[in-house]
Amino acid sequence: MNGSGTLFGWAFGDLSRSGDEAYLDELRRDALANATQDATSRGFGVEDGTETYTVINPGDTLADVHTAPDQLIVRCTVKLTGPGADKVHAEGPMNG
């Protein structure tokens, strides 16, 4: 069955550059590349144009980011395609 699911990709950067839009765009590209690479390694495709981004500043979130306390975090969520993709869903901090 061909269904769709979701998957996260990640990029980590310099927290002091959180106000630099060009730098954030670079991190967004890196996060999308990470999500695409993860999807490909699992045998799925990524539907173009479905990516959404969240910029996480550890000082401004209730999320537990103890693994990257001094870094800017960009998370990219993408829609997966292909057989079995409907069983994979980005939830919480990880991919299910």
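Residues numbered from 1 in each chain as written. Predicted model: local features only at pLDDT ≥ 70, side-chain atom pairs only at ≥ 80, totals over all residues. Heavy atoms only, no water.

Asks: Looking at this model, I keep getting lost on the overall build of the protein. Mind explaining?
Replies: Counting its secondary structure elements, the protein contains 1 helix and 6 strands. When each of the 96 residues of the protein is scored for burial, the buried share is 34%. Considering only contacts in the protein between residues 6 or more positions apart, those separated by 24 or more positions represent 74%. Taken as a whole, the protein presents about 5,600 Å² of accessible surface, with 50% of it coming from carbon and sulfur. (Helix = DSSP H or I, 4+ residues; strand = E, 2+ residues; numbered from the N terminus. Buried < 20%, exposed > 50% of the residue type's maximum accessible area, 1.4 Å probe, protein only. Contact = heavy atoms within 4.5 Å. Areas by Shrake-Rupley, 256 points an atom, 1.4 Å probe, with all protein chains shown as cover.)

Asks: What is the right way to read the pairing of strand 4 (residues 71–83) from this model?
Replies: Within a regular beta strand, the side chains point alternately toward one face of the sheet and then the other, so they alternate between its two faces. Pairing geometry for strand 2 (residues 45–46) and strand 4, over 2 bridges, is antiparallel. Counterpart to glycine 45 in the pairing with strand 4 is threonine 81. Relative to strand 4, strand 3 (residues 52–56) runs antiparallel, the two sharing 5 bridges. Opposite valine 55, over in strand 4, you have valine 74 as the bridge partner. (Pairing = 2+ DSSP bridges.)

Asks: What am I meant to see in the pattern of salt bridges here?
Replies: Within this structure, the stated rule accounts for 5 salt bridges. Note that aspartate 20 is salt-bridged to arginine 17, the shortest N-O span being 3.2 Å. By relative accessible area, which is 35% here, arginine 17 ends up partly exposed. We note a salt bridge from aspartate 25 to arginine 28, for which the minimum N-O separation is 2.8 Å. Of this pair, aspartate 25 and arginine 28 both sit in helix 1 (residues 21–41), 3 residues apart, roughly one helical turn. Taken together, the shared-partner salt bridges connect Glu21, Asp25 and Arg28 into one network. (Salt bridge = Lys/Arg side-chain N within 4 Å of Asp/Glu carboxyl O.)

Asks: What should I look at first to understand the side chain of threonine 50 in this one?
Replies: Along the chain, threonine 50 falls in the loop between strand 2 and strand 3. Within the structure, threonine 50 has its side chain in polar contact with the backbone oxygen of glutamate 47 (distance 2.7 Å). A distance of 3.1 Å separates a polar side-chain atom of threonine 50 from the backbone nitrogen of lysine 79. The residues contacting threonine 50, other than those within four sequence positions of it, are Thr77, Val78 and Lys79. (Polar contact = N/O pair within 3.5 Å; in protein donor to acceptor, adjacent residues only side chain to side chain.)

Asks: Help me understand the packing of aromatic side chains, please; the structure alone is not making it clear to me.
Replies: Between two aromatic rings, the relevant description is the distance of the centres plus the angle of the planes. Taken as a whole, this structure holds 1 aromatic pair when the rule is applied. Look at phenylalanine 8 and tryptophan 10: their rings are 5.7 Å apart centre to centre, the planes differ by 65°, and that puts the pair in the edge-to-face class. Judged by its relative accessible area of 24%, tryptophan 10 falls in the partly exposed class. One cation-aromatic arrangement involves arginine 17 over tyrosine 23; the distance from NZ or CZ to the ring centre is 3.8 Å. (Phe/Tyr/Trp six-rings, centres within 6.5 Å; stacked < 30°, edge-to-face > 60°. Lys NZ or Arg CZ within 6 Å of the ring centre and 35° of its normal.)

Asks: Looking at this model, I keep getting lost on the environment of valine 78. Mind explaining?
Replies: Here valine 78 lies in strand 4. By relative accessible area, valine 78 is classed as buried at 1%. A sequence separation of 33 residues divides valine 78 from glycine 45, and the C-alpha atoms of the two residues are 9.8 Å apart. Once you skip the residues sitting within four places of it in the chain, valine 78 turns out to touch Gly5, Thr6, Leu7, Leu32, Ala35, Val46, Thr50 and Glu51.

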